[in-house]
Amino acid sequence: MSNAILYRMNSGIPGDVSRRQSATIESGFYDSGAAFPGYGLFGKIVSGKFDPIGAGDTAANVYGALVRPYPTTGLNASDPLGTAVPPTSGVCNILRRGYMTVKNNAGTASLGSQVYVRVAAAAAGKPIGGIEAASDTTNTIAITGATFMSAADASGNVEIAFNI
């Protein structure tokens, strides 16, 4: 049995709050008409519901990030980390301030570098609402108060600080 970690441990699972003692988390409600594709993504409040950031949104629209509950259901069997697919209705948890693991889809994350979200021109591996470490000028928005805390692991998972 081989349990050795030869290079680096995983940074975490997208949507996990990594430093709970520093977090401010609020309850909200999912919008059944606007489903989140995964946890650890930024969202906005629309008509009292928490919707994912999408096309046409600006940094001013960002309210918080979707927290992955534990335990959770709806696991994606094709994902080796067991990433869950968020439900489309009910109560959700929203990170308003704190540290969270997210999936970096593009660019090279480093300590203190800016967090961006794709709002236009989806491409392979770069979905609308996905988090990136490099600006794509008109296709991404900089998330005010959000920075990366390190380099991403081999799966692209990395910790961010939000509103700290």
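Whatever comes next refers back to the structure up there.
Note that the structure is predicted; figures quoted are calculated from it, not measured.

Here is what the cut-offs are and how they apply
- Residues numbered from 1 in each chain as written.
- Predicted model: local features only at pLDDT ≥ 70, side-chain atom pairs only at ≥ 80, totals over all residues.
- Heavy atoms only, no water.
- Helix = DSSP H or I, 4+ residues; strand = E, 2+ residues; numbered from the N terminus.
- Buried < 20%, exposed > 50% of the residue type's maximum accessible area, 1.4 Å probe, protein only.
- Areas by Shrake-Rupley, 256 points an atom, 1.4 Å probe, with all protein chains shown as cover.
- Core = buried A, V, L, I, M, F, W, Y, C linked by side-chain atoms within 4.5 Å.
- Contact = heavy atoms within 4.5 Å.
- Lys, Arg positive; Asp, Glu negative; His and termini not counted.
- Salt bridge = Lys/Arg side-chain N within 4 Å of Asp/Glu carboxyl O.
- Polar contact = N/O pair within 3.5 Å; in protein donor to acceptor, adjacent residues only side chain to side chain.

Engineer: Explain the overall build of the protein chain here, please?
Structural biologist: When helices and strands are counted, the protein chain shows zero helices and nine strands. Ordered by position from N to C terminus, the α and β elements of the protein chain give β-β-β-β-β-β-β-β-β. The buried share of the protein chain, reckoned over its 164 residues, is 41%. When the accessible surface of the protein chain is summed, it comes to about 8300 Å², and 55% of that surface belongs to carbon and sulfur atoms.

Engineer: What should I look at first to understand the nonpolar core in this one?
Structural biologist: Soluble, globular proteins show a tendency: their nonpolar side chains are buried together. Residues Phe-42, Val-115, Ile-143 and Phe-148 are the most contacted members of the largest nonpolar core, which totals 22 residues. Counting only elements with at least two residues in this core, the list comes to strand S5 (91-103), strand S6 (114-118), strand S8 (140-148) and strand S9 (157-162). Broken down by element, the residue count for this core peaks at four residues, all from S8. With residues near it in sequence (within four places) discarded, Ile-143 still touches Phe-42, Val-62, Gln-114, Val-115, Val-117 and Phe-162. Phe-36, Leu-41, Phe-50 and Leu-66 belong to the second-largest nonpolar core, a separate cluster that totals nine residues.

Engineer: Teacher, can you tell me more about the side chain of Asp-31 here?
Structural biologist: Checked against the element boundaries, Asp-31 lands in the loop between strand S1 (24-29) and strand S2 (42-46). Although Asp-31 is buried, it makes no salt bridge; Lys-49 carries the closest opposite charge, 5.7 Å away. A distance of 3.0 Å separates a polar atom in the side chain of Asp-31 from the backbone nitrogen of Gly-33. If near-sequence neighbours (up to four positions away) are discounted, Asp-31 is found in contact with Lys-49, Phe-50, Asp-51 and Thr-88.

Engineer: Is there a simple way to explain the pattern of salt bridges in this structure?
Structural biologist: As a working rule, side chains carrying opposite charge can pair if their charged atoms are close by. Across all of its chains, the model carries six salt bridges by this definition. In this structure, the salt-bridge partner of Arg-96 is Glu-26, at a minimum N-O distance of 3.4 Å. Of this pair, Arg-96 sits in strand S5 while Glu-26 sits in strand S1, and the two are 70 residues apart along the sequence. Given the relative accessible area of 28%, Glu-26 is considered partly exposed. The shortest N-O distance in the salt bridge between Arg-118 and Asp-136 comes to 2.9 Å. Separated by 18 residues along the polypeptide, Arg-118 in strand S6 and Asp-136 in the loop between strand S7 (131-132) and S8 bring together distant segments of the chain. Through salt bridges with shared partners, a single ionic network connects Arg-118, Glu-132 and Asp-136.

Engineer: I tried to follow unusual backbone geometry on my own but got confused; where do I start?
Structural biologist: Of all residues except glycine, most have a negative phi; of all peptide bonds, most are trans. Of note in the backbone geometry, Ala-121 takes a positive phi value of approximately 55° without being a glycine. Relative to the elements of secondary structure, Ala-121 occurs in the loop between S6 and S7. Phi is positive for Thr-137, close to 40°, though the residue is something other than glycine. Within the secondary structure layout, Thr-137 lies in the loop between S7 and S8.

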